[in-house]
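# Examination of the molecular architecture
Okay, here's what each chain looks like letter by letter:
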Amino acid sequence: MSSVEFRPCDPEVAPASELLSEMRVELAELYADPARLDVPVLNPSDLRPPVGIYLVGFDGESAIAGGGVRGLSEGTAEIKRMFVRPVARSRGMAGLLLTALERQAAELGYGAVRLDTGPKQQHALRLYRSAGYQDIPPYNDNPFACFWGEKRLAG
């Protein structure tokens, strides 16, 4: 994989919409529940400036990863819908994406980021803990989550 460039993209327009669709299919199969991503509700407008952003990671012209940031409250954002296409997995791409999303959250003025993940996503849980996310009480009503984490951003 050559160097990856992260670019803001509209979540309802390809390639972002394609990444989000692929993620939905993968998680629906993993959890045997097509409603996996419906709770808590995420509207596309949540992933647009001025309160959020959706980044797509490009390797050349190939979109290989995506993820979003949305505002939760003044000073706190949430990282949502991180997804790396299978062809780009096990190469550190998820860590690069997480770092890029944290940077964007800081640029949007947030001092902390939160996220959650489910029990069948142990790779994600390991990534979040290794990146400094601390366990916090549930901050949303996600029935599929087993981990809720928060990280203070530098700056």
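The following paragraphs examine the structure supplied in this document. (Residues numbered from 1 in each chain as written. Predicted model: local features only at pLDDT ≥ 70, side-chain atom pairs only at ≥ 80, totals over all residues. Heavy atoms only, no water.)

### Quick word on the pairing of strand E3 (residues 62-73)
- Pairing between strand E2 (residues 53-59) and E3: seven bridges, direction antiparallel. Note on E3: the bridge partner recorded for Ile53 is Val69.
- In this antiparallel pair of consecutive strands, E2 and E3, the connection spans two residues, and Gly60 shows a positive phi of 65°.
- Pairing of E3 with strand E4 (residues 76-84), which is carried by seven bridges, proceeds in the antiparallel orientation. What sits directly across from Ala65, in E4, is Val84.
- Once E3 ends, the chain turns through two residues before running back antiparallel as E4, passing Gly75 with a positive phi of about 95°. (Pairing = 2+ DSSP bridges. Helix = DSSP H or I, 4+ residues; strand = E, 2+ residues; numbered from the N terminus.)

### Here we look at the pairing of E2
- For E2, the buried fraction is high: six of the seven residues fall into the buried class.
- Relative to E2, strand E1 (residues 4-8) runs antiparallel, the two being bridged by five bridges. Bridge pairing in E2 places Phe6 opposite Gly57. (Buried < 20%, exposed > 50% of the residue type's maximum accessible area, 1.4 Å probe, protein only.)

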